[in-house]
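# Geometric and topological summary
These are the residues of each chain, in order.
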Amino acid sequence: MVSEGNSLLLYNGRVTGLGEAARGATAVLVIDGRIRAVGGDEPVRADAPRGVPAVDLAGKAVVPGFIDSHLHLINFGVYLQRLDLMGVKSLAELVRKVAERHRSMPAGDWLIGRGWDQDLFAEKRYPTRQDLDAVAPDRPAALTRACGHVMAVNSEALRRAGVGAQTPDPAGGQIDRDAAGEPTGILRERAMGLVSRFIPKPSAKELEPALRAAVGRALAAGVTGVHSDMDISNDVIGDLLATDLRTGSGDDHVKIGSVKMFADGSLGASTAALSEPYSDNPGNRGIPVVSPEQMKENVLRAHRAGMQVAVHAIGDLAIAMTLDAYEAALSGAPRPNHRHRVIHCQIMRPEQFARFARLGVVADIQPKFITTDMRWAERRVGPERVRTSYAWRTFLDHGVHCAGGSDCPVEPLDPALGLYSVVTREDLDGQPRGGWLPEQKLTAEEALSLFTLGGAYAAFEENDKGSIEPGKLGDLVVLDRDPTAIPGEALKDLRVEMTVVGGRVAFRRD
Ligand SMILES: [Zn+2]
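Every value quoted in this text rests on a predicted model; they were computed, and no experiment measured them. (Residues numbered from 1 in each chain as written. Predicted model: local features only at pLDDT ≥ 70, side-chain atom pairs only at ≥ 80, totals over all residues. Heavy atoms only, no water.)

Another aspect to go through is the coordination of the zinc ion. Protein-derived ligands of the zinc ion are His70 (NE2), His72 (NE2) and Asp407 (OD), with the metal-ligand distances lying across 2.0 to 2.1 Å. Sequence spacing among the residues donating to the zinc ion works out to H-x1-H-x334-D. One end of the pair, His72, is in the loop between strand S7 (66–71) and helix H2 (73–80); the other, Asp407, is in the loop between strand S19 (402–404) and helix H15 (415–424), with 335 residues separating them in the sequence. Judged by relative accessible area, His72 falls into the buried class, the value being 9%. (Donors = N, O, S within 2.8 Å, 3.2 Å for Na, K, Ca; no water. Helix = DSSP H or I, 4+ residues; strand = E, 2+ residues; numbered from the N terminus. Buried < 20%, exposed > 50% of the residue type's maximum accessible area, 1.4 Å probe, protein only.)

The residue Phe262 is located in strand S15 (residues 258–262) in this model. Judged by its relative accessible area of 27%, Phe262 is partly exposed. Expressed as a C-alpha distance, the spacing of Phe262 and Val342, which sit 80 residues apart in the sequence, is 9.8 Å.

Turning our attention to the sheet that holds S19. The strands that make up a sheet pair up through hydrogen bonds in the backbone, lying either parallel or antiparallel. Taken in spatial order, the five strands line up as S15-S16-S17-S18-S19 in an open sheet, and their pairing is parallel. Each edge of the sheet is formed by a strand with only one pairing partner; in this case those strands are S15 and S19. If you compare each strand with its neighbour and ignore which way they point, the axes differ by 25 degrees on average. As paired elements, strand S18 (residues 362–365) and S19 share three bridges and run parallel to each other. When the bridges of S19 are listed, Ala363 appears paired with Cys402. (Pairing = 2+ DSSP bridges. Axes fitted to C-alpha atoms, helices over the stretch in contact; angles between N-to-C directions.)

Okay, the packing of aromatic side chains next. To describe a pair of aromatic rings, you give the distance between the ring centres and the angle between the ring planes. A complete count under the given rule lists eight aromatic pairs for this structure. When the ring of Phe76 is compared with that of Tyr79, the centres are 6.4 Å apart and the planes differ by 35 degrees; the resulting orientation is tilted. Placement of both Phe76 and Tyr79 in helix H2 is noted, with a separation of three residues, approximately one turn of the helix. Assessed through its relative accessible area of 6%, Phe76 is described here as buried. Owing to a relative accessible area of 9%, Tyr79 belongs among the buried residues under this scheme. (Phe/Tyr/Trp six-rings, centres within 6.5 Å; stacked < 30°, edge-to-face > 60°.)

With that settled, consider empty space enclosed by the protein. All chains considered together, the criterion is met by one cavity of 30 Å³ or more. Put simply, the largest cavity is a space of about 40 Å³. Around the largest cavity sit Pro367, Lys368, Gly405, Ser406, Pro412, Asp414, Pro415, Leu417, Gly418 and Phe451, which together line it. Its residues assigned to classes, the lining of the largest cavity shows five nonpolar, three polar and two charged. (1 Å grid on protein atoms, 1.4 Å probe; cavity = no way out; pocket = protein on both sides within 12 Å on 5 of 7 lines; lining within 4 Å. Points joined across faces, edges and corners; volume = space filled by probe spheres on them. Nonpolar A, V, L, I, M, F, W, Y, C, P; charged D, E, K, R; others polar.)

Structure representation (structure tokens):
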């Protein structure tokens, strides 16, 4: 049942609200979309006007609506309707799935998939065009790696894109080649664009159901706010700045956020830009996808226009480039409350944490990456650099504002998994016991704050969202248990019972 109005009384619950008002509270009253009262059942019920729908929580927990501070909502929706390769355990399984999909599709259409990870494959190698040709020879196929920074394509896709042995690597990208110099079918970073620009874009008609599907998943996971990447390219920034849309334009439901830019690739794909070579590949330092000068220019332009900037940077070199660009923009055009962001910030140099704090830069972190990346992160960067990698505790200790996200569809859209990952630092099987780099664990309160107040702060919304306090929007999640009062291992099984957006019940478990 979904309530019609935007007023609601929740009582007989356990409020974990990250604010003074919520301490020991059992009831929350929302009137016309905003929280009116928080406290004990008796006084709060007395405040409720006649006719406000009331829900007996029977001891369940209420927390602020989760905010996912970095994901790709439209991509996720589109992806829900395509071939899902997440968790595939072997190349043989991948090929089998492609074959099935191929047989069920109209001839000639692009076969699009996403989510594979060669590190999970029994064969421990990347797919090749020949693997795909064997089952889908006469249609183009393009399968994006889980991280979104590498694509495996078949020969027909290369043919349509005109990519062959003679095609040079584009700036910021790489075409993997075999011993004869022919493309293997693996395209990295900017090289993906050689093929992806031939893939038909989803039509407006396909986008709406895609978006609805993605929003439905978000609500079912207790997510009431997303900072969604619209996946436009660096080249579009000029177009955006020509409009009068700026960070914060919009209403309580939809708002313009930051300008997103890229500095590098991903660690899983060995394209994250490092200042020293990869420990498992001495010839490789990753791929900065933009020059330091261009980065400075892009950041300055957006900064001067009054936009918040968010840069994807994973390797320490990319992070340094980004912080340099922020520092240069801030010294040229000082702005106290800029809240510029670095998305991912995984491989940090020890001195970079203090630099984040000094510049007032927000760290957009993806706790769930821990459970995936712990399998190979140390192999990529070695025992020394790994100590300051995925170092979320160190960020908090330096007083850096941190926000938690999933990067969905890179990882599942499920804050409970984020809480679990950052509190236990164990994978979903509970390995390694005691956690990977356990000194970097967060408490459950800190973890919850990443996905609530942290996300709100990153979007200049801490006065409206992120905690259960009178005056804030009635964005609430009812959970089967209080995440701050259960063992860390139990966090991954937290169940969302009900999701409330602006006082309206938007999801309820049957
Ligand atoms: Zn992303």
